[in-house]
Amino acid sequence: MSPKVALTVDLVGTVRELTDFCKVLGKSDVRATFFVSGKVGEPEQIKIVLDGKHEVASHTLSHPTDLTRMSTDELESEIFAGHKAVVTLCESCAADFKV
């Protein structure tokens, strides 16, 4: 069995940078999980990630800086709204939210 590493990446940067990064990963046969915030994800970015056989996961709706200061209801809303937005962006099933 070959070694495995979990690579997670926040989806940031330009489309060109993302394309180049995914090409590097692909040349090394590396797959990653790209976390995207529901409010900032762009369909073109999501397409690049999915075309590279990578996984897309929710990083909340607006990527608040301190989740610990949110009420349970606010936190739940942030997580579920983010997941829904990412699923809509992907037009398929996004990975489960990961902590």
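Only a predicted model underlies this, so the values are computations on that prediction, with no experimental measurement involved.

Here we take up the nonpolar core. Core analysis: the biggest nonpolar cluster contains 15 residues, and L11, L18, F34, V36, I46, V49 and V56 have the highest contact counts within it. Contributing elements (two or more residues each) for this core: α1 (15–27), β2 (33–36), α2 (43–51) and α3 (72–90). Leave out the neighbours within four places in its chain, and L11 touches L18, F34, F35, V36, Q45, I46 and V49.

This part is about the side chain of E78. Looking at the secondary structure, you find E78 in helix α3. Owing to a relative accessible area of 10%, E78 belongs among the buried residues under this scheme.

Further remarks concern α3. Compared with an ideal rise of 1.5 Å per residue, which puts 19 residues at 27 Å, α3 spans 27 Å between its outermost C-alpha atoms and is within 8% of the ideal. Taken together, the buried positions of α3 are E78, I79, G82, A85, V86, L89 and C90. Seen from one end, α3 has its buried residues packed into an arc of 135°, which puts them on one side. Projecting away from the buried face of α3 at angles above 90 degrees are the exposed residues T72, D73, F80, K84 and T88. Buried residues in α3 make contact with β2, α2 and β3 (55–58). After α3 finishes, the residue E91 shows a positive phi value of roughly 55°.

A separate point is the packing of aromatic side chains. Within the structure shown, the criterion is met by one aromatic pair. Centre to centre, the rings of F21 and F34 are 6.2 Å apart; their planes meet at 80°, and the pair counts as edge-to-face. In this pair, F21 sits in helix α1 while F34 sits in strand β2, placing the two residues 13 residues apart along the sequence. With a relative accessible area of 34%, F21 lands in the partly exposed category. By relative accessible area, which is 1% here, F34 ends up buried.

Rules used in this analysis
- Residues numbered from 1 in each chain as written.
- Predicted model: local features only at pLDDT ≥ 70, side-chain atom pairs only at ≥ 80, totals over all residues.
- Heavy atoms only, no water.
- Core = buried A, V, L, I, M, F, W, Y, C linked by side-chain atoms within 4.5 Å.
- Buried < 20%, exposed > 50% of the residue type's maximum accessible area, 1.4 Å probe, protein only.
- Helix = DSSP H or I, 4+ residues; strand = E, 2+ residues; numbered from the N terminus.
- Contact = heavy atoms within 4.5 Å.
- Expected span 1.5 Å × (residues − 1).
- Arc of directions from axis to C-beta.
- Phe/Tyr/Trp six-rings, centres within 6.5 Å; stacked < 30°, edge-to-face > 60°.

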